[in-house]
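Below are the chains, spelled out letter by letter.
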Protein chains: 2
Amino acid sequence: MEKSVQLSRISTRAPDALQKKSVKKETRKLKKAIARLQNILYAEGRHSLLVVLQGMDASGKDGAIRHVFNRVNPQGVKVVSFKVPTPEEAAHDFLWRIHAHAPARGMIQIFNRSHYEDVLITRVHGWIDDATARRRMQHINHFEQLLLDHQTTILKFYLHISREEQDKRLEERLKNPEKRWKYSPSDLQEARKWHDYLHYYEEVFDTCSPDIPWTIVPADQNWYKAYVIADAVHRALADMHLRYPRRSHLKSSKPTSH
Amino acid sequence: MEKSVQLSRISTRAPDALQKKSVKKETRKLKKAIARLQNILYAEGRHSLLVVLQGMDASGKDGAIRHVFNRVNPQGVKVVSFKVPTPEEAAHDFLWRIHAHAPARGMIQIFNRSHYEDVLITRVHGWIDDATARRRMQHINHFEQLLLDHQTTILKFYLHISREEQDKRLEERLKNPEKRWKYSPSDLQEARKWHDYLHYYEEVFDTCSPDIPWTIVPADQNWYKAYVIADAVHRALADMHLRYPRRSHLKSSKPTSH
């Protein structure tokens, strides 16, 4: 079956017509606006935002977080990086550790890798079969719908880099003492499975709920990557129609209920 | 629409033919067998059991836990009582605090009240509308399916008492110094909403996934209540075909994955 997203046909670079300098200026404006809106998000305490970052090794997930959110009050933003499951996490269903980090009302939560690893790396390595992967995708869609019903907006970004750019960055990790801590011997093993990863990413894009689409972010150039993400985050916050509340809900002594 | 379960037509007492003495003897046997199977469940570390207890105030949920599970190694059993959500819990979707207590492989987890309160007390008091309740029921079914896919067996018990028996027990709470700590002024308010509760319970039974049915437990007599629950727990554990593993998975140093 023809997949609706074919990553090999999507550019990993900014459109030629764009000028780096003016895009960077625009990004700075967006970041200011995001910081302002985050303050209202927190004060109002009704909505929340979940930002999911996925992409190959060295696609720039860490950099995206630093670059887009470094103006935001850290009290209102949480970042969690999902790594190899601990024994306790592995003793539970794959969404258990994910759900624990779902954002509270008023918060921005960033997932540096996510529940999608459980239908990506697991398939590339053949740890789960196709039927299990399909069930997991259903569970993922239901789980995200649960968050949606709780006034959580979900933004999912795939950081799209070229193979050449990845090679360059992995080499840089080995050479540059400031980046060497990021290097892992598994990087090169995973890089060899490039086409498998693309294949399973495309399948994820196809089976995800159309209510919560992925944004493919051309990510070879950091300045364009940051702009695309900042723009989407800004629009998501603007669409919430946030307002400062008249009184503080934070100090409320009323009994609470769901 | 006719509901498939009508609680008013179901007896709250043991069938007349049963003899209390022989039933109690049978329950003791079942408890021994449960304790033996729990040990294998824990050692094998593949399956888990979730026991959900619901019922009106004074229907005997606490007593059921003590009565059925007091022979089981407490290392392998966890009990959580869900009460009014804390502010942090209320800032998340209604399944957030529930999912956190999903059983790990090898464990028995008991829910004293549960996620079902979020479609029961909330409806009796009109805190959520019908559309929200329907969405929540869907989320509950999906969530339970997620646990099922993780080799978790779910047993759901409704402790079915008569209104007369409840009156008697609530009065007892006021009179008996050993039971007075359980009394809450809200007990009487909730008791007045008896028929509303029955109505919404019946709706829950109807909209639950047929894969994970409820057991209606006649609960006016504690000896019969304990027998019915012990019998169901024993069968659920026996159906898992548990086996002691050859080696310990608990000490495994292998990398873990979902």
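Here the structure is shown first, and the text comes after it.
In this text the structure is predicted, and so the values were computed from the model without any measurement. (Residues numbered from 1 in each chain as written. Chains lettered and ligands numbered in written order. Predicted model: local features only at pLDDT ≥ 70, side-chain atom pairs only at ≥ 80, totals over all residues. Heavy atoms only, no water.)

Colleague: So what about the side chain of Ser 59 of chain A? Which residues, and what values?
Modeller: Residue and element names in this part refer to chain A. By the element assignment, Ser 59 lies in the loop between β1 (48–55) and α2 (61–69). With a relative accessible area of 0%, Ser 59 lands in the buried category. For Ser 59, the side chain forms a polar contact with the main-chain oxygen of Met 56, separated by 2.7 Å. (Helix = DSSP H or I, 4+ residues; strand = E, 2+ residues; numbered from the N terminus. Buried < 20%, exposed > 50% of the residue type's maximum accessible area, 1.4 Å probe, protein only. Polar contact = N/O pair within 3.5 Å; in protein donor to acceptor, adjacent residues only side chain to side chain.)

Colleague: Give me the lowdown on the nonpolar core, citing residues and values where you can.
Modeller: Among the nonpolar cores identified, the biggest contains 71 residues, and Tyr 116, Phe 157 and Val 233 of chain B are the most heavily contacted of them. Ranked by residue count, the leading element in this core is helix α10 (residues 222–238) of chain B, at ten residues. With residues near it in sequence (within four places) discarded, Phe 157 of chain B still touches Val 51, Val 52, Leu 53, Gln 54, Trp 214, Thr 215, Val 217, Ile 229, Ala 232 and Val 233 of chain B. Grouped together as the second largest cluster of nonpolar side chains are 70 residues, Phe 111, Val 119 and Tyr 224 of chain A together with Trp 96 of chain B included. (Core = buried A, V, L, I, M, F, W, Y, C linked by side-chain atoms within 4.5 Å. Contact = heavy atoms within 4.5 Å.)

Colleague: How would you sum up the packing of helix α1 (residues 20–44) of chain A against helix α10 (residues 222–238) of chain A? Please name residues and give values.
Modeller: When two helices pack together, their arrangement is given by the angle between the helix axes and by the axis-to-axis distance. Residue and element names in this part refer to chain A. Running from N to C, α1 and α10 point in directions that differ by 35 degrees, and their axes come no closer than 9 Å. When the axes of α1 and α10 are compared, the crossing they make is left-handed. Within the contact between the two elements, α1 uses Lys 20, Val 23, Lys 24, Glu 26, Thr 27, Leu 30, Ala 33, Ile 34, Leu 37 and Leu 41 and α10 uses Trp 223, Ala 226, Tyr 227, Ala 230, Asp 231, Val 233, His 234, Leu 237 and Ala 238. Residue classes in the contact of α1 with α10 are distributed as 13 nonpolar, two polar and four charged. (Axes fitted to C-alpha atoms, helices over the stretch in contact; angles between N-to-C directions. Left-handed = near helix turned anticlockwise from the far one by under 90°. Nonpolar A, V, L, I, M, F, W, Y, C, P; charged D, E, K, R; others polar.)

Colleague: Tell me about the relation of the copies chain A and chain B, and please be specific about residues and values.
Modeller: In summary, the two copies of the chain are related to each other by a rotation about an axis coupled with a shift along it. When chain A is fitted to chain B, the best match, at an RMSD of 0.0 Å, comes from turning it 180 degrees and sliding it 0.0 Å along the axis. Such values leave the two copies arranged in the relation of a two-fold axis. The residues that chain A uses at the interface reappear at the interface of chain B in 100% of cases, marking a shared surface. (Least-squares fit on C-alpha atoms with pLDDT ≥ 70 in both.)

Colleague: Kindly report on the sheet that holds strand β1 (residues 48–55) of chain B, identifying the contributing residues and their values.
Modeller: Residues and elements named next belong to chain B. Ordered by their spatial adjacency, five strands build an open sheet running β2-β3-β1-β4-β5, and the pairing between neighbours is parallel. This sheet does not close on itself; its edge strands, each paired only once, are β2 (77–81) and β5 (214–218). Each adjacent strand pair in this sheet contributes to an overall mean axis angle of 20 degrees, direction not counted. Both β1 and strand β3 (residues 108–112) contribute to a ladder of five bridges, which runs parallel. Of the residues in β3, the one forming a bridge with Leu 53 is Asn 112. In the packing of helix α6 (residues 130–148) onto the sheet, the strands contacted are β1 and β4 (152–160), and the crossing angle to β4 comes to about 135 degrees. Most of the contacts of α10 go to β4, to which it runs at about 170 degrees, and overall it touches β1, β4 and β5. (Pairing = 2+ DSSP bridges.)

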